[in-house]
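# Close look at the chain arrangement
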Amino acid sequence: MSDTQEILAAIQAGASGEDIANLKIPETYRAAHVLRSEAGMWDGVDSWDKDPRKSLHVGDVPMPELAPDEVVVAVMASSINFNTVWTSIFEPLPTFGFLDRLGRESVWGARHAQDFHVVGSDASGVVLRVGSAVRNWKPGDRITAHCNHVDDQDPSAHNDSMLAANQRIWGFETNYGGLADLAIMKANQLMPKPEHLSWEEAAVNALCASTSYRMLVGQHGASMKQGDNVFIWGATGGIGAYATQLVLNGGGTPIGVVSSPDRVKLLNAMGCEAVIDRKAENYKFWSDENTQDESEWRRLGKKVRELVGDDPDIVFEHPGRSTMGASVFITKRAGTIVTCAATSGYMIEYDNRHLWMKLKKIMSSHFANYQEAWNMNRLISQGKIQPVMSEVFTLDQVGDAALKVHHNEAEGKLGVLCLAPEEGQGITNPELRDKIGEDKINLFRRHARGEL
Ligand code: NAP
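### Description of the packing of aromatic side chains
This structure, assessed with the given rule, holds eight aromatic pairs. Taking the centre distance of 6.2 Å and the plane angle of 70° together, the rings of F116 and Y176 count as edge-to-face. Of this pair, F116 sits in strand β4 (residues 116-118) while Y176 sits in the loop between β8 (168-169) and β9 (182-186), placing them 60 residues apart in sequence. Between W297 and F329 the ring centres are 5.9 Å apart and the planes differ by 40°, which places this aromatic pair in the tilted class. Note that W297 is positioned in helix α11 (residues 294-308) and F329 in helix α12 (residues 324-330), a separation of 32 residues in sequence. In this structure, W297 and F329 share a single accessibility class: buried. Joined through ring pairs, the aromatic side chains of F231, W233, Y283 and F285 make up one cluster. K193 extends its terminal NZ or CZ atom over the ring of W199, reaching a point 5.3 Å from the ring centre.

If you want it as structure tokens, here you go:
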């Protein structure tokens, strides 16, 4: 039996923490990674045609030495995030620049500057080893990981860790990410695994759900109130599907935008009644590459008023260039546009008169601090927010899964089995699962199977 198979066998057999602590950590492990030598492989190729199946490799990489504030985790499952798409198409920049910068920061940082980059910013699994400075976690703990990688010896990390000068996204701006059989992470990325969820259901949430939590609920974001109308672009996508749930759970009214009748059906099944199919409405916010059409913004605003009788208090923005002009226009007087991304382009244009004359705010947001991620994990653990996993892939199929996300062919989240040999394992609180209901937990999968 290989070292990795022994680790899996021990976890499956329910080995004690002490036994798990004595398992051998292999010198190499299987991981999804891109190669520095291939960073120029897409030169001259259109973004859409860059195929992650060609740039994402699954193979052995060396296990680094463990720093005192870190843990080694046996990754049972992980998920695809858009940042793995960015890394695999080497846009907007190859991520090796991030690793090199981290490499120059410290002796421990130097381990990250390699000619391979192990990707992945989500994980569920079991702690195998803890560094000498780790207090709150021990071998055998079942965890999910959030992706905020912060050096807490920097004073800038101590008001809000997302403001830390050296804040990074694990598995995107650091090496040794979660799309692998093993992973290295800081102990302050760990959170208890929701007991009623399987490994893959537990693995898909942290990055997207915590991002949406900070944008909408946390004190650093739009601070949504009960009764708020919240306009959500991509409302069945990764961050959008958690945003929709957070609005419903928090007593607000989501206005969800999607791009097909099938996604409209899914949104309705989630309990979102005010839905806009942007393809069917055929909005043309840009009349040509350089000109926006205000009458199209107005048409969208009118549609929102028809649906909910008012303008949105908050607009949940991430498509970027294609939608920002419309988002600023439709937001209510004194309302907030909260943005965390720019999928369609980051050089943004909007009419500033609509912002200042109506005293609106554009607020930026990026992932979440530990407390926010922890609060979000608690909502998931309590069954108040559900995982939005539509499909599950094996680690060997990571390129296919990334391509689906790249081409906007996936709803919600795509789970990836790493050490977990099959779906459905890892549930330790079946009573809570029964109470919440398979129908709710599996909504996105049922939709993907055509069962809605
Ligand atoms: P996703 O699962 O692909 O969902 C995005 C959704 O946006 C799609 O389902 C699509 O929905 C909609 N969309 C795409 N292009 C659009 C356009 N031009 N106009 C209007 N809607 C459009 O991706 P995700 O995981 O939700 O991530 C979305 C973005 O946020 C990515 O750029 C990602 O990198 C970023 N992100 C940032 C953070 C952060 O911490 N800053 C965290 C997570 C994600 P329809 O086609 O159905 O309308």
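### What to know about the packing of helix α7 (residues 206-216) against helix α14 (residues 370-381)
Two quantities define a packed helix pair, namely the angle between the helix axes and the distance between the axes. Between α7 and α14, whose axes approach to 9 Å, the crossing angle comes to 110°. Classified by the angle their axes make, α7 and α14 are roughly perpendicular. Considering the relative orientation of α7 and α14, their crossing is right-handed. In this structure, α7 uses A209, S210, Y213 and R214 to contact α14, whose residues at the interface are E372, A373, N375, M376, L379 and I380. Of the residues belonging to the contact of α7 with α14, the class tally is six nonpolar, two polar and two charged.

### Overview of the site of the ligand
Looking at the ligand, there are 25 residues lining it, with G238, S259, R278, T343 and F367 nearest. A distance of 3.2 Å separates an oxygen atom of the ligand from a polar atom in the side chain of W86. T343 has a polar side-chain atom sitting 2.8 Å from an oxygen atom of the ligand. Burial of the ligand by the protein amounts to 88% of the accessible area it has alone, namely 910 Å².

### Side note on the sheet that holds strand β17 (residues 336-339)
Strand pairs in the sheet, formed through backbone hydrogen bonds, run parallel or antiparallel to each other. With respect to topology, six strands assemble into an open sheet ordered β13-β12-β11-β16-β17-β18, the strand pairing being parallel. Strand pairing shows two members of the sheet lacking a second neighbour, β13 (274-277) and β18 (361-364), which therefore form its edges. Across the sheet, the mean angle separating the axes of adjacent strands is 20° when strand polarity is ignored. Lying over the sheet, α7 contacts β11 (229-232), β16 (314-317) and β17, oriented at roughly 150° with respect to β16. In the packing of α11 onto the sheet, the strands contacted are β11, β12 (253-258) and β13, and the crossing angle to β13 comes to about 150°.

### A short note on the domain arrangement of the protein
Taken domain by domain, the protein consists of domain 1 (3-208 + 368-448) and domain 2 (222-364). One C-alpha centre belongs to domain 1, the other to domain 2, and the line joining them spans 30 Å. On the domain 2 side, the residues contacting the 22 residues of domain 1 number 18 residues. Between domain 1 and domain 2, roughly 1,600 Å² of surface is buried when both sides are summed, and carbon and sulfur atoms account for 64% of that area. Across the domain 1-domain 2 interface, the total number found is one salt bridge. For E411, the salt bridge identified is with R263, shortest N-O distance 2.6 Å. Our enumeration of links across domain 1 and domain 2 arrives at eight residue pairs in polar contact (both at pLDDT 80 or more). Elements that contribute at least two residues to the side of domain 1 that touches domain 2 include exactly α4 (82-88), α14 and α18 (443-448).

### Details of the pairing of strand β19 (residues 389-394)
Bridging between β19 and strand β20 (residues 413-417) involves five bridges; their strand directions are parallel. Considered in β20, the bridge of E391 is made with L414.

### Let's talk about the environment of G171
Within the fold, G171 resides in the loop between β8 and β9. Taking the C-alpha atoms as reference points, G171 and T84, 87 residues apart in sequence, are found 8.3 Å from one another. In contact with G171, not counting residues within four places along its chain, are H117, V118, V119, G120, S121 and G177.

### Let's talk about the nonpolar core
Core analysis: the largest hydrophobic core is formed by 111 residues, its most contacted members being Y29 and L128. Per-element tally for this core: the top contributor is strand β3 (residues 70-79), with seven residues. Both domains that furnish three or more residues to this core are identified here as domain 1 (3-208 + 368-448) and domain 2 (222-364). Beyond its immediate stretch of four places on either side in the chain, L128 contacts I7, I20, A21, L23, I25, V72, V73, A74, P139 and L182. Listed in part, the 20 residues of the second largest apolar core include W233, L300, M324 and I337.

Definitions and limits used
- Residues numbered from 1 in each chain as written.
- Predicted model: local features only at pLDDT ≥ 70, side-chain atom pairs only at ≥ 80, totals over all residues.
- Heavy atoms only, no water.
- Phe/Tyr/Trp six-rings, centres within 6.5 Å; stacked < 30°, edge-to-face > 60°.
- Helix = DSSP H or I, 4+ residues; strand = E, 2+ residues; numbered from the N terminus.
- Buried < 20%, exposed > 50% of the residue type's maximum accessible area, 1.4 Å probe, protein only.
- Lys NZ or Arg CZ within 6 Å of the ring centre and 35° of its normal.
- Axes fitted to C-alpha atoms, helices over the stretch in contact; angles between N-to-C directions.
- Parallel < 35°, antiparallel > 145°, perpendicular 65-115°, else oblique.
- Left-handed = near helix turned anticlockwise from the far one by under 90°.
- Contact = heavy atoms within 4.5 Å.
- Nonpolar A, V, L, I, M, F, W, Y, C, P; charged D, E, K, R; others polar.
- Near = heavy atom within 4 Å.
- Polar contact = N/O pair within 3.5 Å; in protein donor to acceptor, adjacent residues only side chain to side chain.
- Areas by Shrake-Rupley, 256 points an atom, 1.4 Å probe, with all protein chains shown as cover.
- Pairing = 2+ DSSP bridges.
- Domains from an automatic or database assignment.
- Buried area = accessible area lost by both parts, 1.4 Å probe.
- Salt bridge = Lys/Arg side-chain N within 4 Å of Asp/Glu carboxyl O.
- Core = buried A, V, L, I, M, F, W, Y, C linked by side-chain atoms within 4.5 Å.

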